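The lines below spell out each chain.
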2 protein chains.
Amino acid sequence: MRKHGKLIKQYDGESKLVSSLEEAIRKSGLKSGMTISFHHHFREGDYTTNLVLKHIAALGIKELTIIPSSLSKVHEPLIEHIKSGVVSEIHTSGLRGKLAEFISDGNMEKPIVIRSHGGRARAIEAGEVKIDVAFLAVPRCDEMGNASGNGNQTTCGSLGYAMVDAEYADTVILMTDDLCEYPNMPASIRQQQVNYIVKLDEIGDPAGIASGATRYTKNPKELKIAEYAARVMTALPEYKDGFSFQTGSGGSSLAVTRYLKDAMKRDEIKAAFALGGITQPMVELLEEGYVSHLFDVQSFDLVAAASVAKNKNHHEISASEYANPSNMGCVASGLDYVILSALEIDKDFNVNVMTGSDGVIMGASGGHCDTAASAKNTIIVAPLYRGRLATVKNTVTSVITPGSSVDVLVTERGIAVNPARQDIMERLSQLGLPLVGIEKLVEMAEQIVGPAEAIEFDEQVVAVIEYRDGTIIDKIRKRKQA
Amino acid sequence: MRKHGKLIKQYDGESKLVSSLEEAIRKSGLKSGMTISFHHHFREGDYTTNLVLKHIAALGIKELTIIPSSLSKVHEPLIEHIKSGVVSEIHTSGLRGKLAEFISDGNMEKPIVIRSHGGRARAIEAGEVKIDVAFLAVPRCDEMGNASGNGNQTTCGSLGYAMVDAEYADTVILMTDDLCEYPNMPASIRQQQVNYIVKLDEIGDPAGIASGATRYTKNPKELKIAEYAARVMTALPEYKDGFSFQTGSGGSSLAVTRYLKDAMKRDEIKAAFALGGITQPMVELLEEGYVSHLFDVQSFDLVAAASVAKNKNHHEISASEYANPSNMGCVASGLDYVILSALEIDKDFNVNVMTGSDGVIMGASGGHCDTAASAKNTIIVAPLYRGRLATVKNTVTSVITPGSSVDVLVTERGIAVNPARQDIMERLSQLGLPLVGIEKLVEMAEQIVGPAEAIEFDEQVVAVIEYRDGTIIDKIRKRKQA
C-alpha cells in the first residue's frame, strides 16, 4: 500500500491572505459532503472550530464529515450543527461534556469513529480518510504560511497533530492572530503546504490548554500510586542510562515524574528521551539534565508550550512521527516505559479510557493504545475505585487498549502483573511491593463499592472504536434511558 | 494530480543496521530494471555512489536507471557500469569530466535526462520518476536513521536533495561513518523514512565540497562584473529593508556578495533572507546581521556546512521547498534577485550552463531555470568571452533557461537589459552604467574572438533537457567526431 498523495496545486504568486473566514471557505471550494479537519492543541481554549462551523453553516453547506484530532467540552455548539445537518459524521480521538452525552444518546445517524492519535495519522496517510479542507489555528504565521505554535497573542507549543493535516489535506487554511514578518522560521507547518491564511482577532485561550486532563495532584492516593509506579519502573532492567519513557495525562501518571526524578538523582541515571504530551515536570527534567531530549506531539501546559520554542533539545514531532504504527518506526516504538491512566481495567488487563461506568462517552483514546503497544513496559496507574465505582472490574464498559499490551497495573491497594510477564513478576517479588493477582484487585474493589450495576444499552451503535491498525476493537452502544 | 505516495512499510522492531552494503542491497530487494538514487552534497568528494554501484555490479544487477541529484568528475567509474549494462539510464542535473564526454560521444542507448533541482523534486513528487531504492550518504545518524549533515568524521551541511529522496523512495538505505547515540536530533532525514543503515569507514571527503564551481575570484574582470551587478541590484526598487536574493556558483556571481554588503552597510539596508547553495560570504552576512535568515538546500563550502548546525537562522530546506514549481510556493518564489552565471547567452537572453561551445556536456542545470523563473529580477553575470570563445553569441549551444526569465545581462564591457523590462532600463539609465543592446554585445564579442565556429552534431540525441515544469526545452545531440 502507498501513502495517500496530497493534491498538487501550484502557487500562482497571488497573496494567500484572504479578508475573512467566509472568503477562505468559498475559495477552498468546500462543498456539502466533503471532509474537513481541525486540531485540538488549544484543548478547552479552542475558539476556531466553532467559528469555522458557524461560517460553514451560514453558507448552507451540509453533510460534512469532520475529523478533528480531538474534541472537548467547548465544542458543545456542534450539537446544533448535527441537528441542522451541517455535520453528519465525526471522527475524533475524544469527546466530552454535553456533546458526548448527545452522541451517547444516539442522536447521530452514523456512529462516530474513535481513533488513537497514531491511528488517525495512519488512517490519513493510508488515505482511509481524505481531508478536503483542513482548518488549522496557528499562533503565528507569515504571509506565505510558515506557521509555529508560539505567537505574540496565543501559544499552544507543539502543532504535532496539525502537521499531519497540513501534509495531507488537499486544501489548507490557516487562521492566526499573529501575522508576522516573512520568514517565520523555524516553522512547524511550511509555506509549500498552505493555500489560504485568515487573520483573526483571537484564535484561542492558552489558559484552556492546561485544563482537564493535566492537573497536578496532591491527592495522597494518587501520590501513593505514583510512588509505586516509579518503584516498578526503577526495578526493571530497562532502568539504566539512556532509557526512555512517557507519562500520560492524569494525576497519578503525571506525578510519577516526581518520584522518578528522585530515583534518577539517587542512582545517577539519565534518560535519553521522554515522549508524549509534554508537561512542566518533563521540561524541568530536560532543563536539569535528567533527560537529554523531549519529543513533543502536544504541549500539555504553558511551560511546555514555551519550552518547545526555547529549548533546542525539546523537539516538536508530528502525530505520525509520534505513534503511527505504519511507518519505519515512530518514536513511540523506542519507548522503554509508558505510564498510562485508566477509567476502567478488567481482569484481562483490557483498558477503557473512553466511557464512564454509566456507559456515556467522557474521554479520549489519545495515544493510549499506541504507546501501550509500543513500549517495552506498559504500566497502568489507577485507583482501585473512584467514588462508588470500581476501576478494576470484571469487564470494562469499552476497550481502547487490549490487555495484551498491558504489563503492570498499579493501584493504591496492590500491584498486579500481567501473567504473560513473569520476568517482571520475578523482579518485583524481591522488592517488598504489594503484589497481587488482578482477580484479587477486582474482588477488593467489589468488596468496597459493591458489585457494578450492569448498564443497559440499546442496539444502536453510537461509536466505533478503531484500534491503531484500523481494525475495530469495540463498539459503543446507545445507553438505555429510563 | 496527486503527489506520489511512498510505499508504506511497517517497522518490525528489528535493528536497521546491516553489516555490509551488499547485505543492504540484498535486503532492499533491488532488482534489474529498477531505479535508484543518490545525492551530490559531497560533490567531488563523494565516495559512496561509486562504491554502491560496484557492489550492485558484483551482485549481477543490470539495467538500472540512476537518478542522482547531480554527478561530478569523480563519477568517471560510471563509464564502466554503462558499458557493462549495469546502468542503462541516467537522470541528473549535471555531468562533468570524462563521463560527460563519454555520454556526449553517444555511448548510451537512451539519452540522459537533465533536470533542474526544482524540476527533479517536482518529477519525484509527481511520480514521473519513481525511486525504488535511495542510497543516501549521511555524515551522522543514529541506529533508527535520524540523520544530519554534520558528523565527527565528515560534514556536508544541508542534506536538501537527499531529503526529497528519503521522503519518496520506496526503500531508503543510509550510509554513515558516524553512527551516534539515539536520538540524533535535530535530524534532516527522520527515522520513519529509513529502512536500512550501513556503517562505512568513510563516506566522503569534505574537501571535495568546495571544489569546482565555488572558487573565490581575484580575477579583475570577474570583480568588475560583480561590481556592476551589485550596482544594478541596488538601483532597483526591490532594494530595501526586507529584500531577498540568491547568488549562484561561479566567480562573478559569488563576488557580488562582497559589493552588495558594502552597499547594504552604506545604505543601512538589511535583507530578510538569502537562498540557495550557501557559501561563506553569505554566512558572514548572516552573522554580521546584514541578512536575517539563510535558506540552504546545499552547503557550497565547509564554513556554510558548519553554520547550518550552528546558526539558528541558517535553515536547511529540501529541494522541493527550495525550487519545486508545483507546490504552494517554494522559497525561490519569494526571491527579489537572483544572480546567475552562464556558459553562453544568446541575443534573446537564452542561457546555456550545460554544454561547452564544443558541444560537449560540462555543466549542470542546477537551480538556474528555477530561480530565473521565480525571482523578480534575474541578473546573468558573465564575461563577454572566455579565451577564444564568445560567451554572448547569436545562438547558444543548448538552452537551460529561456530568455523570458532573464532580465539583465552584466558583462565587463556592458550591461544589456531585456527589452521586456523597460522599467529596469529606465532605472539604470540614470546611473552612468554602460548600457548596451545585447546585439551590440554579440558584435563586440565577435570582433574580439572572431565568429563562433559552427559545431557539427550527429542526429543521435544524447541528452534531453527538461524545463522545471517537465516540458522538454532542448536536446543535446552527439558531437560529430573528426
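Owing to the predicted nature of the structure, the values given are computational and were not obtained by experimental measurement.

Let's shift gears to the packing of aromatic side chains. Tallied over the entire structure, the rule returns twelve aromatic pairs over all chains. Ring centres of Tyr239(B) and Phe243(B) lie 5.6 Å apart, and the angle between their planes is 65°; on these two criteria the pair is classed as edge-to-face. A relative accessible area of 10% means that Tyr239(B) is categorised as buried. Consider the rings of Phe243(B) and Tyr337(B), whose centres lie 5.9 Å apart with planes at 85°: the pair is edge-to-face. Here Phe243(B), found in strand E12 (residues 243-247), pairs with Tyr337(B), found in strand E16 (residues 337-340); they are 94 residues apart in sequence, far enough to count as distant. For the residue pair Phe243(B) and Tyr337(B), the accessibility class agrees, reading buried in each case. An aromatic cluster is built from Tyr239(A), Phe243(A), Phe245(A) and Tyr337(A), whose rings are joined through pairwise contacts. Note that Lys221(A) overlies the ring of Tyr385(A), its terminal NZ or CZ placed 4.2 Å from the centroid. Sitting over the face of the ring of Tyr11(B), Lys16(B) holds its NZ or CZ atom 5.3 Å from the ring centroid.

Here we take up unusual backbone geometry. Here the residue pair Met185(A) and Pro186(A) is connected by a cis peptide bond, since its omega of -5° sits within 30 degrees of zero. The topology assignment puts Pro186(A) in the loop between strand E9 (171-176) and strand E10 (196-199). Positioned with a positive phi, Phe349(B) is a non-glycine residue whose angle comes to about 75°. Within the secondary structure, Phe349(B) is located in the loop between strand E17 (344-346) and strand E18 (351-352).

Residues and elements named next belong to chain A. With respect to the secondary-structure elements, Ser28 resides in helix H1 (residues 21-28). Judged by its relative accessible area of 11%, Ser28 falls in the buried class. At a separation of 2.7 Å, a polar atom in the side chain of Ser28 contacts the main-chain carbonyl oxygen of Ile25. There is a polar contact of 3.2 Å between the side chain of Ser28 and the backbone nitrogen of Leu30.

In this assembly, 44 residues from chain B lie in contact with 43 residues from chain A. Carbon and sulfur atoms supply 57% of the area buried between chain B and chain A, which totals about 3800 Å² over both sides. The largest share of the area that chain B buries against chain A comes from Ile8(B), Gln192(B) and Met328(B), three residues that together contribute 21% of it. For the interface between chain B and chain A, the tally reads four salt bridges. With a closest N to O distance of 2.7 Å, Arg2(A) and Asp170(B) form a salt bridge. At the level of elements, strand E13 (271-278), strand E14 (291-299), strand E15 (314-316) and helix H11 (319-323) of chain B are the ones that each hand at least two residues to the side of chain B that touches chain A. For the side of chain B that touches chain A, the class distribution of residues is 19 nonpolar, 14 polar and eleven charged.

On the surface, a cluster of negative charge is contributed by Asp348(A), Glu439(A), Glu443(A) and Glu446(A). Structurally, the position occupied by Glu439(A) is in helix H14 (residues 438-449).

Turning our attention to the side chain of Glu344(A). Residue and element names in this part refer to chain A. On the secondary structure map, Glu344 appears in strand E16 (residues 344-346). Within the local environment of Glu344, its side chain forms a polar contact with the side chain of Lys393, the two groups lying 2.9 Å apart. Excluding residues that lie within four positions of it along the chain, Glu344 makes contacts with Asn350, Val351, Asn352, Ser357, Thr391, Lys393, Val396, Thr397 and Ser398.

With that settled, consider the sheet that holds strand E15 (residues 337-340) of chain A. Neighbouring strands of a sheet are bound in pairs by backbone hydrogen bonds; such pairs are parallel or else antiparallel. Residues and elements named next belong to chain A. In space, the eight strands of this open sheet follow the order E14-E13-E12-E11-E15-E18-E22-E23, with mixed pairing throughout. At either margin of the open sheet sits one strand with a lone partner, and together these are strand E14 (314-316) and strand E23 (415-417). Within this sheet the neighbouring strands show an average axis-to-axis angle of 20°, counted without direction. Here strand E11 (residues 243-247) pairs with E15 via three bridges, running parallel. Residue Phe245 lies in a different strand from E15, and its bridge partner there is Tyr337. Against the sheet, helix H9 (residues 280-287) makes contact with E11, strand E12 (271-278), strand E13 (291-299) and E14, and its axis sits at roughly 155° relative to E13, the strand it touches most. Its contacts with the sheet put helix H13 (residues 422-429) on strand E18 (377-381), strand E22 (408-410) and E23, and the angle it makes with E23 is roughly 145°.

Turning next to the domain arrangement of chain A. Residues and elements named next belong to chain A. Here chain A is partitioned into domain 1 (17-208) and domain 2 (213-455). Measuring from the centre of the C-alpha atoms in domain 1 to the corresponding centre in domain 2 gives 29 Å. Carbon and sulfur atoms make up 58% of the area that domain 1 and domain 2 hide from each other, which totals about 2400 Å². Three residues, Arg43, Ser158 and Tyr161, lead the burial of domain 1 against domain 2; their summed loss comes to 20% of the area buried on that side. For the pair domain 1 and domain 2, the interface holds zero salt bridges. On the surface where domain 1 and domain 2 come into contact, there are 20 residue pairs in polar contact (both at pLDDT 80 or more).

Conventions and cut-offs
- Residues numbered from 1 in each chain as written.
- Chains lettered and ligands numbered in written order.
- Predicted model: local features only at pLDDT ≥ 70, side-chain atom pairs only at ≥ 80, totals over all residues.
- Heavy atoms only, no water.
- Phe/Tyr/Trp six-rings, centres within 6.5 Å; stacked < 30°, edge-to-face > 60°.
- Buried < 20%, exposed > 50% of the residue type's maximum accessible area, 1.4 Å probe, protein only.
- Helix = DSSP H or I, 4+ residues; strand = E, 2+ residues; numbered from the N terminus.
- Lys NZ or Arg CZ within 6 Å of the ring centre and 35° of its normal.
- Polar contact = N/O pair within 3.5 Å; in protein donor to acceptor, adjacent residues only side chain to side chain.
- Contact = heavy atoms within 4.5 Å.
- Buried area = accessible area lost by both parts, 1.4 Å probe.
- Salt bridge = Lys/Arg side-chain N within 4 Å of Asp/Glu carboxyl O.
- Nonpolar A, V, L, I, M, F, W, Y, C, P; charged D, E, K, R; others polar.
- Patch = residues over 30% accessible without salt bridge, like charges linked within 9 Å, V, L, I, M, F, W, Y side chains within 5 Å.
- Areas by Shrake-Rupley, 256 points an atom, 1.4 Å probe, with all protein chains shown as cover.
- Lys, Arg positive; Asp, Glu negative; His and termini not counted.
- Charge placed at Lys NZ, Arg CZ, Asp CG, Glu CD.
- Pairing = 2+ DSSP bridges.
- Axes fitted to C-alpha atoms, helices over the stretch in contact; angles between N-to-C directions.
- Domains from an automatic or database assignment.

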